[in-house]
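What follows is the residue order along each chain.
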Amino acid sequence: MRMTKLTHACIRLEKPGGPAGGNRVLVIDPGTFSEVEEALDGAQAFLVTHEHPDHLDLDRTGAALAADTGLEAWAPAAVADQLKEAAPSAADRIHVAEPETEFDAAGFHVKTFGSQHALIHASVPVVANIGYLVDGEVFHPGDSFTVPHGVSVSTLLVPIHAPWSKVGEVLDFMIAVGATRAYPIHNALLNERGTGIAEGHAKRIGAKYGTEYVHLEPGESVDL
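These notes cover the structure that comes with them.

Cut-offs applied
Residues numbered from 1 in each chain as written. Predicted model: local features only at pLDDT ≥ 70, side-chain atom pairs only at ≥ 80, totals over all residues. Heavy atoms only, no water. Pairing = 2+ DSSP bridges. Helix = DSSP H or I, 4+ residues; strand = E, 2+ residues; numbered from the N terminus. Contact = heavy atoms within 4.5 Å. Axes fitted to C-alpha atoms, helices over the stretch in contact; angles between N-to-C directions.

### Considering the sheet that holds strand 7 (residues 102-105)
In sheet architecture, strand pairing relies on hydrogen bonds along the backbone and comes in two forms, parallel and antiparallel.
Here is step 1: Across the sheet, which stays open at both edges, the seven strands sit in the order 7-8-9-10-11-12-13 with mixed pairing between neighbours. Both edges of this open sheet fall to strand 7 and strand 13 (212-213), since each of them pairs with a single strand only.
Here is step 2: Across three bridges, the pairing between strand 9 (residues 131-134) and strand 10 (residues 138-140) is antiparallel. Each bridged residue has a counterpart across the sheet, and for valine 134 the counterpart in strand 10 is valine 138.

Structural data, given as structure tokens:
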């Protein structure tokens, strides 16, 4: 499986076995900070962790769903409703992702964990958030520090910076998951100095607990 990081929290997963001899392609969190059209090019499905715009660009994903009759989507219930409003013709291809369930999307096996966004502040409403484990390999937590239970995660996507977190919580999350390797997501608001500090801690502390943290630039791919 090949994973490509797009800007911020969006990733694209590919593996053989797709239509007409091409690849199966699954995208997670095509948001407003991300290269949505590039991410969804040739994709059969996308997953959305939660409703915030940096994780879902309703206009562009709605247009993609309307234009491609083979494209499906999974999202929390409120987000699925928003997608159906944005692309009414695709309503039967837009599915609700429930916590603690399993399903297949674009030929990938998906298992869900968690149910809510991390707390930003008591005055900010908490929204639904689903973390996705794909093919038992890659875990995308969305905006949460949900630790998957009953599974061993090989590849962890780490929300390295967010308005709802601090570095210590990021490190504790990495330690708790105990993945073999980790890559950054949710980093569009960091400049080079902030990236160096946050990722320096992640690399150093991760290594102590057996997790190799590796930086990826938008557009960069790795084979898992």
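### Points about the environment of methionine 174
Here is step 1: Its location among the elements puts methionine 174 in helix 4 (residues 167-177).
Here is step 2: Put simply, methionine 174 and glycine 206 are 32 residues apart on the chain and 6.8 Å apart in space, counted from C-alpha to C-alpha.
Here is step 3: When residues no more than four places from it in sequence are discounted, the contact partners of methionine 174 are Leu156, Val158, Ala179, Ala182, Ala202, Gly206, Thr211 and Tyr213.

### A short note on the sheet that holds strand 2 (residues 11-16)
Here is step 1: An order of 6-5-4-3-2-1-14 is seen for the seven strands of this open sheet, with the pairing classed as mixed. Across the chains shown, the open sheet's two edge strands, defined by having one partner strand only, are strand 6 (94-96) and strand 14 (221-223). On average, adjacent strands in this sheet sit at an angle of 20° to one another, irrespective of strand direction.
Here is step 2: The pairing of strand 1 (residues 2-5) with strand 14 spans three bridges and is antiparallel. Among the inter-strand pairings, arginine 2 is bridged to a residue of strand 14, identified as aspartate 223.
Here is step 3: Its contacts with the sheet put helix 3 (residues 77-86) on strand 4 (45-47), strand 5 (72-75) and strand 6, and the angle it makes with strand 6 is roughly 165°.

### Details of unusual backbone geometry
Here is step 1: Here the phi dihedral of glutamate 100 falls at roughly 60°; this positive angle occurs in a residue that is not glycine.
Here is step 2: By the secondary structure assignment, glutamate 100 is in the loop between strand 6 and strand 7.
Here is step 3: Within the chain, histidine 186 stands out as a residue other than glycine whose phi angle is a positive 55°.

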